[in-house]
Structure formats: structure tokens, C-alpha cells
Amino acid sequence: MAEWADEYFYLSVESSYTQGVWETRPFQVAILNAMGNDDIVEVNWIKSARVGCTKCITIALAYFAEHRQRNVIMWQPTDSAAEDFMKQHAEPTIRDVPVLRKLAPWYGRKHRDNTLDYKRFTNSRQWFIRGGKSAKNYREKSTDASIYDELSSFDDDIEKEGPPTVIGDKRMEGSAYPKSIRGSTPKTKGECQISKAANEADEFFYRYLPCPHCDEYQVLEWGGEKAKHEIKWDSPETVLQAHYECKHTGCVIRQHELEGMDERGEWRSGSGMTTRDGLKFYCDGKPVDAPLSVAFHIWAAYSPWTTWGKIARDFLRAKGDPNKLKGWVNTTKGEAWEEEGERVEAHHLYMRREQYPAQVPQAAVVIVGFVDVQDDRLEASSWAFGGERGTESWLVEHQVFRGDPGRHELWNRLTQWRHSRYEHESGVMLPIAATGIDTGGHYTQMVYSLPSATRVSGYGPAKVQTSALHPWWVAPARATKAA
Ligand SMILES: [Zn+2]
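As the structure is a prediction and not an experimental result, all values here were calculated from the model. (Residues numbered from 1 in each chain as written. Predicted model: local features only at pLDDT ≥ 70, side-chain atom pairs only at ≥ 80, totals over all residues. Heavy atoms only, no water.)

Quick word on the domain arrangement of the protein chain
As far as domains go, the protein chain holds domain 1 (2-331) and domain 2 (364-479). Computed over C-alpha atoms only, the centres of domain 1 and domain 2 are separated by 43 Å. (Domains from an automatic or database assignment.)

Structure below.
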């Protein structure tokens, strides 16, 4: 798709600051190709503003209809957004991209194949561009590609029929090459649809660029005012000259060096998969099949259409006002906004539920038990840990053992529980790898006298003594999922 875009796509005057021939930027190559790659069913793109997402989605529309002979449905968050997209992006593309214009003899006049939410080309391929608010707009004819633009602005339940991506992707059930494309700036953490979709993808890719001075690859990050590295500036007066400081060696990287870095960039996922072009994928240097679903994250620091200085200036303008700062985090950093403060709205908590088809979700890698000792009972919980960069945890089980902690009978029941195994989504049965037990109550010596660890196939319930439960029970706020 990236090659097709470079050869045929054109930036229309209505839809961009600069009119002219399209040139795919290095960081866009893999994203476009993943959209066009028949082995990949789902492409999720979490992004900031100014990275060309709307253009790339317009390219996908044109490419599927003209080059791949496929039907496409695109949903926008609202009916008026759908109409705007048709007028500002879709129709000018038909006019300005000659291979598409050839298939549209009706261009510029009234015709049944040329309406504000529908186009039918002479190769019989169709575009439907619809608002995503009402369920009836998801009951269209079959399609090959479903595109959701600004997914995080959609309702999460479309008139009680389900999430937009679920009911929308049903339209492709008959297609030999189904493709679901979701692009969006994120919104509020925990209820953000694009973040959820991306976290559920098989591989979540971040973009690594080599430092032009020490050659170490790294993800560009914001860092912040107090951080040692990343985007740095000397004073508010000189913020527009901000530079980037290499995380590995502290090299000073200037804005003009970004382009050359991006040309040598590559995408790497948390599991160690890499790709440069969205066509060939590798693990440990060996070629592997393309994942069925992928996610990409890219933000303004990679963009050739802004500068690190402007990013920092916009931050300084926004930082005093939570609403402006939320806007900056969403549209410049391309990250979901974490609500501050103690208050937890029931609705927000409810929205953070996740469904998984086993006792322990795929992303979890280890289970740990924790036991609170009370005078009349033991309260035992097993927690699974893992997830994106190891920052997630899930409550797997909570058991209350009533009885007298001064007697061995109660502790024997606990020892049995420590041998529990839980079904992991992969089918593996996972044991409790280690158990922490509260020694701070009235039964310290009973805990100390527990038999030492019994091995269960390699690693088993080892005893971890803690004098205070507190640090064990409080997971970092961003890591906690509603159970
Ligand atoms: Zn460096």
C-alpha cells in the first residue's frame, strides 16, 4: 500500500496544507503496509495529531477500491463527521487521483452512484461512509474492509447492540480478506476504545530510532520537565529550540537529525517481534508469520510536521489547566489521560472490565498468593501479574478460611490452597509461584513455623514472610484492573 500511495496518491488542496504528490514518511510505511497486508486482519493505530492518520486512512479507501477490488465501509463518530470526511477527503481524492477518477464517470454530477454517504465505481467496488452513532448504520451490505476513524470518539455500546468494532466487523464475515482498521487519538484511560483494542492485539509495536551519535535504538519519549533525558530545553524563553537527549548516552540530538533517524527506524513489540515495513516480521532475527492483529503507537515527537520545541511550548501553555493538559496528552503525546485524584466513579471502574475466556488472561505470566491473618480467619488471594511491560495485575481468586489461626488444622487448609492451579488462557495450568503471609497479627510464630516450601513441578508455593501486608496489597494505580 505504501508503494501504491507513493505512485498514485495526491494531496488535495481541501485536505492538506500542502497540495501535491504524496510521499510516505518512513514511520508510515509499516502502518500502511500492515493495512494492505492480507495476512493481517486487524490494524489498530494509537496516534497523536500531526502524524497523517487521516491521509493514511484515505489512502486505504482508495487502494482497496481501485487496486484490490474490494468494498470498504468507513465509520466516523457522527453523521456530520462522515459527511465532512466525504466532502473534505474522499471526494477530492476521487478528483485528484487519476486511477480513481477513471472509475468515477459520475464525478461532479448527480447520480445514484454518487451520494454523500456512498460511492460506486465502475469496477463495481463501493465506498460506504457512515456516522457511527446509530445501529442501523452498521447493518450495511457485506464488505471487505471496515475502517473506524477516531474510534475513541464512538459510543462504546451502539444502541445496546454492542461495541462498534464488534458489530461493524460482522459485516466482513463473508470476505476472503477481511480487514479491520482502527485509528484514533486516545481519550480517558480505562474507557478508551482504541487503547483497549490495541492492548488486545497480538503484537503492539513501538517505534525505535537509532541515536545519530551513539547508534543506540530507543523509543522517543516525552520525559517531562524533571526527566534527565528525552525532550529538553534550557528556559521558557528558548523552549522552541528544544532538543532531544539520548536515553543511553545523553547525546544531544537536534531536530534536523530526526529525518535520518526515522529512515533507519524499526518497529518492535513487547514480545520481541520486529518489522520495518509491515510486510516482513522477525523474532530473534528469524522470519515469522505476520500477526493476525497488530497495534502501532506513534506520537508528535516523530512527526516531520511539528518540532520538539513546539511540543514543549504547547506543554508549557497547557500544564496549569487539567482540561488543556488532557488535550495535550491525548493529541500531542497520543496517550490516554489518567484521571487524577482519590475519587473513583463507579462508571469509570465499570468501564475498565475486561473479558477473558479462562481463569487467567493471556497477558499474565505468574501467579502469586497473599494471605491476611485475622483472629478468626485467613483471607487468601491469588493474583496474576504480567501485561504490557509487566504493569498489570488481575485478581484470580479470593478465599476466606474461617477457623482458629492458633490451630494447625486451619493452616493445613491454607497449605492445600497454596497448591491451587489455575487455567491460563493458553491452556497451561499455572501454580501459585509464591505466597506472602501476614506475620503482623497475633500469630507471628505460627506463620514462622509453617513447613518450608513444597515444590510443585519446578517451582511451587514458597513461603514469603512479610511483617506488614501493605506494600504487597497496593499495586501501582496504573497497573490495577477492576476484577
Ligand atoms: Zn546516543
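A closer look at unusual backbone geometry
Look at Arg50: it is not a glycine, yet its phi comes out positive at around 65°. Along the chain, Arg50 falls in the loop between β3 (42-47) and α3 (53-66). Residue Glu159 is not a glycine yet carries a positive backbone phi of 45°. Residue placement: Glu159 occurs in the loop between β8 (145-149) and α6 (164-169). (Helix = DSSP H or I, 4+ residues; strand = E, 2+ residues; numbered from the N terminus.)

Some points on the packing of helix α2 (residues 26-36) against α3
Remark: α2 packs on α3, axes separated minimally by 10 Å, with the N-to-C direction vectors making an angle of 35°. For the crossing formed where α2 meets α3, the hand is right-handed. On α3, the residues that touch Gln28, Leu32, Met35 and Gly36 of α2 are Cys56, Ile59, Ala60, Tyr63 and Phe64. (Axes fitted to C-alpha atoms, helices over the stretch in contact; angles between N-to-C directions. Left-handed = near helix turned anticlockwise from the far one by under 90°. Contact = heavy atoms within 4.5 Å.)

A look at the pattern of salt bridges
Where charged atoms from two side chains of opposite charge approach closely, those side chains can pair. Counting across every chain of the model gives 25 salt bridges. One salt bridge in this structure joins Asp314 and Arg313, with 3.3 Å as the shortest N-O distance. Each of Glu14, Arg95 and Asp96 takes part in salt bridges that share partners, so that together they form one network. (Salt bridge = Lys/Arg side-chain N within 4 Å of Asp/Glu carboxyl O.)

Looking at the nonpolar core
If you look at the biggest cluster of nonpolar residues, it comprises 101 residues, and the most contacted ones within it are Met35, Ile231 and Phe296. Per element, the largest residue contribution to this core is 10 residues, and it comes from α3. Apart from the residues lying within four places of it in its own chain, the contact partners of Ile231 are Glu221, Trp222, Ala242, His243, Tyr244, Trp299, Ala301, Trp308, Ile311 and Ala312. One finds Ala364, Leu378, Ala380 and Ile437 within the second-largest nonpolar core, a separate group that totals 22 residues. (Core = buried A, V, L, I, M, F, W, Y, C linked by side-chain atoms within 4.5 Å. Buried < 20%, exposed > 50% of the residue type's maximum accessible area, 1.4 Å probe, protein only.)

Here's the deal with the sheet that holds strand β13 (residues 243-245)
Where strands meet in a sheet, backbone hydrogen bonds hold them as pairs that are either parallel or antiparallel. Taking strand neighbours across the sheet as the criterion, the three strands line up as β12-β13-β14 in an open arrangement whose pairing is antiparallel. The open sheet has two edge strands, β12 (230-232) and β14 (252-253), and neither has a second partner. Sheet topology places β12 next to β13; three bridges connect them, and they run antiparallel. Following the sheet pairing, Ile231 is matched in β13 by Tyr244. (Pairing = 2+ DSSP bridges.)

A closer look at the packing of aromatic side chains
According to the stated counting rule, one finds 20 aromatic pairs in the structure shown. A centroid spacing of 4.9 Å and a plane angle of 15° characterise the contact between Trp75 and Tyr138, whose relative ring orientation is stacked. Here Trp75, found in strand β4 (residues 72-76), pairs with Tyr138, found in the loop between β7 (126-131) and β8; they are 63 residues apart in sequence, far enough to count as distant. Both residues of the pair, Trp75 and Tyr138, belong to the buried class. Taking the centre distance of 5.1 Å and the plane angle of 25° together, the rings of Trp75 and Tyr148 count as stacked. With Trp75 in strand β4 and Tyr148 in strand β8, this pair connects stretches of sequence that are 73 residues apart. For the residue pair Trp75 and Tyr148, the accessibility class agrees, reading buried in each case. Among the aromatic residues, ring-to-ring pairing joins Trp4, Tyr8, Tyr63 and Phe64 into one connected group. Sitting over the face of the ring of Tyr208, Arg268 holds its NZ or CZ atom 4.6 Å from the ring centroid. (Phe/Tyr/Trp six-rings, centres within 6.5 Å; stacked < 30°, edge-to-face > 60°. Lys NZ or Arg CZ within 6 Å of the ring centre and 35° of its normal.)

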